[in-house]
There are 2 protein chains.
Amino acid sequence: MQPDAYMSALKNRGYRATGKRREILSFLLDENRYVSAREIIDHMREKHPTLSLETVYRNLRTMQTEGIIEESRFKEGESKYRIACQTDHHHHYICIRCGRTLVIKHCPMPDLGRAPEGFTVLGHRFEVLGYCPDCRRSEPDPQDHMPEGR
Amino acid sequence: MQPDAYMSALKNRGYRATGKRREILSFLLDENRYVSAREIIDHMREKHPTLSLETVYRNLRTMQTEGIIEESRFKEGESKYRIACQTDHHHHYICIRCGRTLVIKHCPMPDLGRAPEGFTVLGHRFEVLGYCPDCRRSEPDPQDHMPEGR
DNA sequence: TTCGTTGCAAAGGATTTGCAGCGTA
DNA sequence: TACGCTGCAAATCCTTTGCAACGAA
């Protein structure tokens, strides 16, 4: 899907098609991995020197509200965001170093059977964390560590 | 398992058995659900007026390092912690309102087969989020919402 | 006595918000 | 023109840290 398609969708929802919004969207589409607000602005400052971090955050929030992107917090401190798949439900292998992902088609939910009596399921989260082929070969980053859970 | 058992374990690791540490541990054992640092100090201030939030955070970190507790971030903003099960690996249904949990014995990892070529698996995360029987009956809290993912 | 622990005050870091000017529809 | 969008500065919120006094071993 191209940036324009998303921009049209946003327009239909009452948002405006600004250049900066479009660029942020393009960047997310190009990267196709989890990136932080900081990474976004750092990578985009060359071509868009006037882009501010606030604008990045505001647009991320808008796009998240609209279901265009999804957030994860596999890295301590900051959230990371990526373009959400609009078609099929799936999960990810996620590289905790670079945010790259690999698709996991299998969803564990059907295997669970019904939820415990009285529990209302609103959502679920399944992620396999580790290093992608590229990152496991590079210097270990002291910043990297397993987040909550194992 | 009782607080004393954990305290002994900590002692063997070079930490000291202080009263406040023991009380925080007791509280976590009693609650047996995900609680935030803020909840811990709020609930404990009556009996321990001199307990500080910093001490709570420092102890949480220590206990997390030692594998005694586990962290999750299903609620926006703050982390929540609970006593970790020392025996069998499992996952949880988690109430996003009160942090209560129900055990999911099934782990999706064996169903995945081997990881993609070159990907080094370090850990995984599987949580089913929603409302527990008690919380779904109460006033909806505007603070509540599905975190990242669905 | 030694060294981990704690409270206080302050610092950090990520994210959000008030406001006035700008840009899209 | 109307109203969403943006940058700037400042504020929040959660969490961490420096330091000196305190407490466990």
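Model, not experiment: these values are computed from the prediction. (Residues numbered from 1 in each chain as written. Chains lettered and ligands numbered in written order. Predicted model: local features only at pLDDT ≥ 70, side-chain atom pairs only at ≥ 80, totals over all residues. Heavy atoms only, no water.)

Engineer: Would you mind showing me how to read the protein's contact with DNA strand C here?
Structural biologist: Lining the immediate environment of DNA strand C, one finds 23 residues, of which Arg16 and Tyr57 of chain A together with Arg21, Thr50 and Thr55 of chain B sit closest. The sugar-phosphate share of atoms of DNA strand C within 4 Å of the protein amounts to 62%. The side chain of Arg61 of chain A places a nitrogen or oxygen atom 2.7 Å from a phosphate oxygen of DNA strand C. Within the side chain of Glu54 of chain B, one N or O atom sits 3.1 Å away from a base nitrogen of DNA strand C. Grouping the amino acids of the surface near DNA strand C by side-chain chemistry returns 4 nonpolar, 8 polar and 11 charged. (Near = heavy atom within 4 Å. Polar contact = N/O pair within 3.5 Å; in protein donor to acceptor, adjacent residues only side chain to side chain. Nonpolar A, V, L, I, M, F, W, Y, C, P; charged D, E, K, R; others polar.)

Engineer: Honestly, the protein's contact with DNA strand D in this entry has me stumped. Any pointers?
Structural biologist: Around DNA strand D sit 24 residues, and of these Arg21, Thr50, Ser52 and Thr55 of chain A together with Tyr57 of chain B come closest. Put simply, 58% of the atoms of DNA strand D that lie within 4 Å of the protein are in sugar or phosphate. Interatomic distance of 2.8 Å between a side-chain N/O atom of Thr18 of chain A and a phosphate oxygen of DNA strand D. Here a phosphate oxygen of DNA strand D and a backbone polar atom of Thr50 of chain A are 2.3 Å apart. Counting residues per element, the ones that place at least two in the surface near DNA strand D are α2 (19–31) and α4 (53–65) of chain A together with α4 (53–65) of chain B. (Helix = DSSP H or I, 4+ residues; strand = E, 2+ residues; numbered from the N terminus.)

Engineer: Can you walk me through helix α2 (residues 19–31) of chain B in this structure?
Structural biologist: The α-helix winds at 3.6 residues per turn, so residues separated by three or four positions along the chain end up facing the same way. All names here are of chain B. The end-to-end C-alpha distance of α2 is 18 Å, a good match for the 18 Å that 13 residues give at a rise of 1.5 Å each. Here α2 has its buried residues at Arg21, Ile24, Leu25, Ser26, Phe27 and Leu28. Residues of α2 that are buried sit in contact with α1 (3–12), α3 (37–44), α4, β1 (69–72) and β2 (80–83). Asn32 lies just past α2 and shows a positive phi near 50°. (Expected span 1.5 Å × (residues − 1). Buried < 20%, exposed > 50% of the residue type's maximum accessible area, 1.4 Å probe, protein only. Contact = heavy atoms within 4.5 Å.)

Engineer: How do you make sense of the domain arrangement of chain A when you look at a structure like this?
Structural biologist: When the parts of a complex come together, some accessible area is lost, and that lost area is often used as the size of the interface. Residues and elements named next belong to chain A. Domains assigned within chain A are domain 1 (3–79) and domain 2 (87–140). Look at where the C-alpha atoms of domain 1 and domain 2 centre, and you get two points 22 Å apart. At the junction of the two partners, domain 1 supplies 7 residues and domain 2 supplies 11 residues. Between domain 1 and domain 2 lies a buried interface of about 650 Å² when both sides are counted; carbon and sulfur atoms form 53% of it. When residues of domain 1 are sorted by the area they lose upon contact with domain 2, Arg33, Tyr34 and Phe74 head the list and together hold 67% of the total. (Domains from an automatic or database assignment. Buried area = accessible area lost by both parts, 1.4 Å probe.)

Engineer: Explanation requested: the packing of aromatic side chains in the structure shown.
Structural biologist: The description of an aromatic ring pair uses the distance of the two centres, along with the angle that the planes make with each other. All names here are of chain A. Taken as a whole and assessed by the stated rule, the structure comprises 5 aromatic pairs over all chains. When the centroid spacing of 5.4 Å and the interplanar angle of 75° are considered together, the rings of Tyr34 and Phe74 count as edge-to-face. Placement of the pair is Tyr34 in the loop between α2 and α3 (37–44) and Phe74 in the loop between β1 (69–72) and β2 (80–83), with a sequence separation of 40 residues. The side chain of Arg82 reaches across the aromatic face of Tyr34, ending 5.9 Å from its centre. (Phe/Tyr/Trp six-rings, centres within 6.5 Å; stacked < 30°, edge-to-face > 60°. Lys NZ or Arg CZ within 6 Å of the ring centre and 35° of its normal.)

Engineer: Which parts of the structure should I look at to understand the environment of Asp134 of chain A?
Structural biologist: All names here are of chain A. With respect to the secondary-structure elements, Asp134 resides in helix α6 (residues 133–137). Judged by its relative accessible area of 42%, Asp134 falls in the partly exposed class. In this structure the C-alpha to C-alpha distance between Asp134 and Ala5, which are 129 residues apart in sequence, comes to 32 Å. Side-chain polar atoms of Asp134 contact the side chain of Arg100, separated by 3.1 Å.

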